[in-house]
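# Architecture at a glance
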Amino acid sequence: MEFEYSFIVDGISVNDAEKLEILYENFDALLFSQSGREVLVVTGEGNDAVTAAHAVINSLKKELPQVSILRLDADLVGISDIANRINRTRQNVAQWASGVRNAPNSFPTPEGIVGKSQVWRWAEVNEWLESRDLGDGVRRPSRDEALIIDMIILQTLKAQQTGRPALEVVAEQDDRFDDRMQVMNVLREVIQHSSFMEGLQALPRRYAHRLKVVCAVLLDPLEKVLAQLTTDELSGALAVISSDGELHVTLIAATQLPGTVPIETLGLTRQATVGDLVLLQRNGSVAKDTPLSLAFD
């Protein structure tokens, strides 16, 4: 699937002919200035918006290392903005927003108030419009996905400043995605501590500049965790919230690496769940900080 992103960027301007040429040759992108900021609109492909964003950010870093991605632009719109984008009257849009006109589902919740007027995220408004065949047909990250992508961007910036790897946080998007979002939100807090990041760097990695963290729920099969890890990494971490509400992080490897304990020696099979692993760590069968190999024969 293809997704569109609007990034606030630094290190490039609409007057940088050489950088713009590299940008346009390698990406389906548009750069423009808005209120003193440089906004880069670019598309990426992936199974979901977060995966596609990872690919775009990594590609931009490779082709234009001088350019820094600062954050996603929420692209806030008011009643008049929405009306102009879909060629409808302001009154028409105001009726949708106020609930005067019936609709298949309620109009999105406002993001806030600017001046005396309400504003909305365009991505959410457009998704609602798509249900009425009035959208622009472009996929954009949801509010939850945008939070994850901004965390990725923050970690990438910190990695550039400190030399530590940026976290690449991934999660399966199914009916338990909201639970995995809780894991990500807790993770956002703990990664601020240097000791936590130092612990995550214990295993060798294919890419020194980033480290993958798989966010899971207790019912996830270990095989599903392994599948997310092995897409492009040798090792990383498994993060889950245990039954008592504590963030539980385990160093994991997709193959047998020095210092790792094979998961099968603990009696766990492909069908074992993350909860089974946490239980073994809790009862002392294996120490919580022991790196584990998830490779199955």
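Just so you know, these numbers come straight off a predicted model, no measurement behind them. (Residues numbered from 1 in each chain as written. Predicted model: local features only at pLDDT ≥ 70, side-chain atom pairs only at ≥ 80, totals over all residues. Heavy atoms only, no water.)

This part takes up unusual backbone geometry. In the Ramachandran plot, Ser35 falls in the positive-phi region, its phi being about 55 degrees despite a non-glycine side chain. Classification of Ser35 as exposed rests on a relative accessible area of 74%. Its identity is not glycine, yet Asp75 carries a phi of approximately 50 degrees, on the positive side. By relative accessible area, Asp75 is classed as partly exposed at 22%. (Buried < 20%, exposed > 50% of the residue type's maximum accessible area, 1.4 Å probe, protein only.)

Under the counting rule described, the total for this entry stands at 14 salt bridges. Here Arg140 ties to Glu4 by a salt bridge, and the two come within 3.4 Å at their closest N and O atoms. Linking Arg140 in the loop between α5 (122-130) and α6 (143-162) with Glu4 in strand β1 (residues 2-10), this pair joins segments that are 136 residues apart in sequence. A salt bridge links Asp220 to Arg180; the nearest nitrogen and oxygen atoms lie 2.7 Å apart. Placement of Asp220 in the loop between β9 (210-215) and α9 (222-229) and of Arg180 in helix α7 (residues 177-190) is noted, with a sequence separation of 40 residues between them. Of the two residues, Asp220 and Arg180, both sit in the buried class. Because the salt bridges share partners, they merge into one network encompassing Glu111, Arg121, Glu124 and Arg143. (Salt bridge = Lys/Arg side-chain N within 4 Å of Asp/Glu carboxyl O. Helix = DSSP H or I, 4+ residues; strand = E, 2+ residues; numbered from the N terminus.)

Glancing now at the nonpolar core. Most often, soluble globular proteins keep nonpolar side chains buried together rather than apart. Among the nonpolar cores identified, the biggest contains 50 residues, and Tyr5, Phe7, Leu23 and Leu200 are the most heavily contacted of them. The residues contacting Tyr5, other than those within four sequence positions of it, are Leu40, Val41, Val42, Gly44, Ala49, Ala52, Ala53, Val56, Leu72, Pro141 and Ile149. By size, the runner-up hydrophobic cluster in this structure holds 22 residues, among which are Leu238, Ile263, Leu280 and Val286. (Core = buried A, V, L, I, M, F, W, Y, C linked by side-chain atoms within 4.5 Å. Contact = heavy atoms within 4.5 Å.)

As judged from the six bridges shared by strand β2 (residues 29-34) and strand β3 (residues 37-45), these two strands associate in the antiparallel manner. Its bridge partner being in β3, Leu31 is matched across the sheet by Leu40. The loop that links β2 with its antiparallel partner β3 comprises two residues; one of these, Ser35, has a positive phi angle of about 55 degrees. (Pairing = 2+ DSSP bridges.)

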